[in-house]
Amino acid sequence: MKQRALFLTLLFSVTVNVVLLATMSARVLVASRDEARKARPLCEGLTLSPRQAQAIDSTRRCFAVEAGGVCLALYREKQSLVELLGANPPDSVTIASCLHRIDSLQSVLQRRAVRAILREREVMTPEQAAAYLAMIRQRLAEEAPCRHLECADSDTCLDNDLQGTNCLNQRR
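Criteria and thresholds
Residues numbered from 1 in each chain as written. Predicted model: local features only at pLDDT ≥ 70, side-chain atom pairs only at ≥ 80, totals over all residues. Heavy atoms only, no water. Core = buried A, V, L, I, M, F, W, Y, C linked by side-chain atoms within 4.5 Å. Buried < 20%, exposed > 50% of the residue type's maximum accessible area, 1.4 Å probe, protein only. Helix = DSSP H or I, 4+ residues; strand = E, 2+ residues; numbered from the N terminus. Contact = heavy atoms within 4.5 Å. pLDDT = per-residue confidence, 0-100.

(A) The arrangement of the nonpolar core in detail. Core analysis: the largest hydrophobic core is formed by nine residues, namely A67, V70, L74, L81, I95, C98, I102, L105 and L109. Counting only elements with at least two residues in this core, the list comes to α2 (50-86) and α3 (92-122). Residue contributions to this core peak at five residues, all from α3. Excluding residues that lie within four positions of it along the chain, L74 makes contacts with I102, L105, Q106 and L109. Counting seven residues, the second-largest nonpolar core is a separate cluster that includes L48, I56, V123 and Y132.

Laid out in structure tokens, this is it:
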């Protein structure tokens, strides 16, 4: 009876792991297809040749796969940080270590994104590359430069961050 229970437990564990692996693989494949679809409007906006569009789609799919693992690790680290912040009392050394891991993962993700952008530019003409960079500048301009909710003036907030005093410190 014990052997049967052990066998069933082992079988259940293997089944759960296989299902989890299949689910994660499916998510990566769906994400890579979604990224490729996002490249199509870009291709239309830049009037890329079919060969250029195919190369960019391939680069986007590769980036989605590369970034997927990093994003998952980053998400897990952020979850850990939330748990660490909730500890009573919070362990500042462990929090600092978690923040360091988050910084490292974000840096890896940014380097991979830049590498993907440079690969995409390699297949573009100089005019297309200039238009592509203009699109990137436009997207950046649409983002808020400051994420501090307390800031009424984002330039002031940015200046304070550069001086090492943020908006939260000003209220103290």
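(B) Focus on the side chain of E77. Within the secondary structure layout, E77 lies in helix α2. When residues no more than four places from it in sequence are discounted, the contact partners of E77 are C98, R101, I102 and L105.

(C) Looking closely at the confidence of the model for the protein chain. Per-chain confidence: the protein chain averages 77 in pLDDT, with 62% of residues scoring 70 or above. Across the protein chain, α3 holds the top mean pLDDT of 94, while helix α6 (residues 167-170) sits lowest at 47.

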